[in-house]
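Architecture at a glance
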Amino acid sequence: RKWLNQALDFCDSFGYDSPDVQKCRIITQKVNICHRMLSKAKAAVDQTKLQKALQACERIKYRSPLEHEVRGLLFRVRRINEEISEGWKALVEDQVRTVVAAADEIKMTGGKKLKTWREHVKGPYDAFLKAQYDHAVKQGDRERAVRVMVRRKDLLVSEKKQALVLSKYPHLKDPMLWAREKWFGWDHETRASHMTKFQSESLHAPISTTFEHIVDTRHKKELRRQVTAAFETIQKFMGQRNTSRMPQRIRELLSDALDNKEIRSEVYMMFIKQCTDNPEPEKVPCIWELLSLCLSVFPPNKDFEDYLEAWLREPSNLPDADKYHCRGLLR
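Everything in this summary refers to the structure shown in the same document. Since this is a predicted model, take the numbers as computed values, not measurements.

**So, the overall build of the protein chain**
- Along its length, the protein chain carries 17 helices and zero strands.
- When the 331 residues of the protein chain are sorted by exposure, 44% land in the buried category.
- When contacts within the protein chain are restricted to residue pairs at least 6 apart in sequence, those whose partners lie at least 24 apart make up 63%.
- When the accessible surface of the protein chain is summed, it comes to about 18,700 Å², and 54% of that surface belongs to carbon and sulfur atoms.
- The average position of the 60 basic charges and that of the 47 acidic charges among the side chains of the protein chain differ by 6 Å.

Pasting the structure below:
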C-alpha cells in the first residue's frame, strides 16, 4: 500500500498517466479502502466489522501485516463470543472470569451478554455467586447449586462472623430470666452461665423466645414439651442418658420439628449447646451424626440459619461439619 501511494504521487508530480497508472490508481483506492476498514475494525474489536474488512481484503487478494493482525484478532473475538454463547445458561465462574479477562486483554467491548458477564466479575462477589446459584437452580443442577450456596455462606460468615454467634441471636432469652424459670437445683447464676453451654441435667425450658408470641397457651405448652423432649433425645443419642427406644425417640424429634417449625431453631441450638464445653469429647461425634440427620430432614428457621452456618464454620467445628456433610445439607 505504501509503495503504491508513493508510485502514484511520483507519477502525479509530472503528470504522467497511462493505462497501467489507471489500473494502479484503481487498485490503490481499493487497498486504501481495505486499510481504513481494517483500522476501524481493529479499533472497534467487533466481530461483524472485522469479518467485513477481511472479506473486502479477500476480494482483491490484499495481504499486509495489518490484515494478518486483524485476522488473528477475529479468531480471538469469535472464540470469546462462542464461549459466551455456550456458557450463557450455565454461568460457570471459571469460564466467565477467563472470557472477561480475554476480552479485557484485547479491549473488546462486546454486546449485552459480555457486558453482563463483566458486571458479574467486576461487581460484588456475593451478587455473582447469587447469579450462579440462580442459573444452577434453573438448569436443575442441584449439586452445583449447593456448592455455590456453600461458598456464599462461607463469604457471609467471613464478613460477619463476629456478629453471628449464638449469644448474639436476638431471640435468645436473657440467661438470668431463663435460669429463674426453674426453682430448684443449681443456683441461678451457675445455671445462667450454662444456658448456651453443655449441661448434663434435663432442660427445664427453651432458651429462646421463638414461639413466645403464640397466644394459644395449650399449643405453647406442647411446644415447650417438644423442645425439652428433643433435648433429652440428644442426650440419649450421645449416651448421656439411657433408653431402649432410641429409634422411636428420633422419629418423634423429627416428626415434631417437621410439624412445628417454631421449634426447629431451638433444636439446633440444643446441638450447639451440647457441643460447647462438652467434658466428654468422645461423645461429640454422636451429636454431629444426629445433627446431620436433622439437617437432611428439616432446616432451621430463616432468622437462625446464618447463626448455625457461622457455628459450622468455626475452625474447631469445620472438620466435623465437613465429615458429616453438614454445610451442604443445610441448603
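Back to the write-up after that little detour.
**Details of the environment of Phe298**
- Among the structural elements, Phe298 can be located in the loop between helix 14 (284-295) and helix 15 (302-312).
- Measuring from C-alpha to C-alpha, the distance between Phe298 and Thr210 comes to 16 Å, with 88 residues separating the pair along the chain.

**Observations regarding helix 7 (residues 125-139)**
- End to end, helix 7 covers 21 Å across 15 residues, agreeing with the expected 21 Å (1.5 Å per residue, within 8%).
- On its buried face, helix 7 sits against helix 5 (93-105), helix 6 (112-122) and helix 8 (142-160).
- Phi for Gly140, located one or two positions after helix 7, is positive at around 75°.

**Points about the nonpolar core**
- One finds Tyr268, Phe271, Trp288, Leu291 and Phe304 to be the most contacted residues of the largest nonpolar core, which totals 52 residues.
- Those elements giving two or more residues to this core turn out to be helix 8, helix 9 (175-179), helix 11 (217-237), helix 12 (246-259), helix 13 (264-275), helix 14 and helix 15.
- Grouped together as the second largest cluster of nonpolar side chains are 30 residues, Cys34, Cys57, Ile84 and Phe128 included.

**Observations regarding the environment of Lys42**
- Here Lys42 shows up in helix 2 (residues 19-44).
- In this structure Lys42 comes out as partly exposed when scored by relative accessible area, which is 34%.
- Residues Lys42 and Pro175, spaced 133 residues apart in sequence, show a C-alpha to C-alpha distance of 70 Å.

**Remarks on a nonpolar patch on the surface**
- Taken together, the side chains of Leu258, Leu293 and Val297 present a nonpolar region at the surface, about 210 Å² in accessible area.
- With respect to the helices, strands and loops of the structure, Val297 is situated in the loop between helix 14 and helix 15.

**With respect to the pattern of salt bridges**
- One pass over the full model with this rule turns up 28 salt bridges.
- Glu58 is the salt-bridge partner of Lys61, the closest N and O atoms lying 3.9 Å from each other.
- Among the residues examined, Lys61 registers a relative accessible area of 60% and is labelled exposed.
- Residue classification places Glu58 among the partly exposed positions, given a relative accessible area of 33%.
- Among the salt bridges present, the one from Asp306 reaches Lys153, with a minimum N-O distance of 2.6 Å.

**Side note on the layout of surface pockets**
- Taken as a whole, the largest pocket encloses approximately 350 Å³ of empty space.
- Taken together, 18 residues line the largest pocket, and the ones lying closest to its centre are Leu166, Ser167, Thr196, Ile272 and Thr276.
- Sorting the residues of the lining of the largest pocket by element identifies helix 13 and helix 15 as the ones contributing at least two each.
- Among the elements that take part in the lining of the largest pocket, helix 15 stands out by supplying three residues, more than any other.
- A class-by-class count of the residues in the lining of the largest pocket yields ten nonpolar, five polar and three charged.

**Some words on the packing of aromatic side chains**
- Scanning the entire structure with this criterion turns up eight aromatic pairs.
- When the centroid spacing of 5.0 Å and the interplanar angle of 75° are considered together, the rings of Tyr169 and Phe304 count as edge-to-face. Of this pair, Tyr169 sits in the loop between helix 8 and helix 9 while Phe304 sits in helix 15, placing them 135 residues apart in sequence.
- Phe304 gets classed as buried once you look at its relative accessible area, which sits at 0%.

**Focus: the packing of helix 8 against helix 15**
- Running from amino to carboxyl end, helix 8 crosses helix 15 at an angle of 85°, the nearest separation of the two axes being 10 Å. Taken as axis vectors, helix 8 and helix 15 run roughly perpendicular relative to one another. Listed contacts from helix 15 to Lys153, Leu156 and Val157 of helix 8 are Glu305, Asp306, Glu309 and Ala310.
- In the contact of helix 8 with helix 15, the residues fall into three nonpolar, no polar and four charged.

Cut-offs used in this document
- Residues numbered from 1 in each chain as written.
- Predicted model: local features only at pLDDT ≥ 70, side-chain atom pairs only at ≥ 80, totals over all residues.
- Heavy atoms only, no water.
- Helix = DSSP H or I, 4+ residues; strand = E, 2+ residues; numbered from the N terminus.
- Buried < 20%, exposed > 50% of the residue type's maximum accessible area, 1.4 Å probe, protein only.
- Contact = heavy atoms within 4.5 Å.
- Areas by Shrake-Rupley, 256 points an atom, 1.4 Å probe, with all protein chains shown as cover.
- Lys, Arg positive; Asp, Glu negative; His and termini not counted.
- Charge placed at Lys NZ, Arg CZ, Asp CG, Glu CD.
- Expected span 1.5 Å × (residues − 1).
- Core = buried A, V, L, I, M, F, W, Y, C linked by side-chain atoms within 4.5 Å.
- Patch = residues over 30% accessible without salt bridge, like charges linked within 9 Å, V, L, I, M, F, W, Y side chains within 5 Å.
- Salt bridge = Lys/Arg side-chain N within 4 Å of Asp/Glu carboxyl O.
- 1 Å grid on protein atoms, 1.4 Å probe; cavity = no way out; pocket = protein on both sides within 12 Å on 5 of 7 lines; lining within 4 Å.
- Points joined across faces, edges and corners; volume = space filled by probe spheres on them.
- Nonpolar A, V, L, I, M, F, W, Y, C, P; charged D, E, K, R; others polar.
- Phe/Tyr/Trp six-rings, centres within 6.5 Å; stacked < 30°, edge-to-face > 60°.
- Axes fitted to C-alpha atoms, helices over the stretch in contact; angles between N-to-C directions.
- Parallel < 35°, antiparallel > 145°, perpendicular 65-115°, else oblique.

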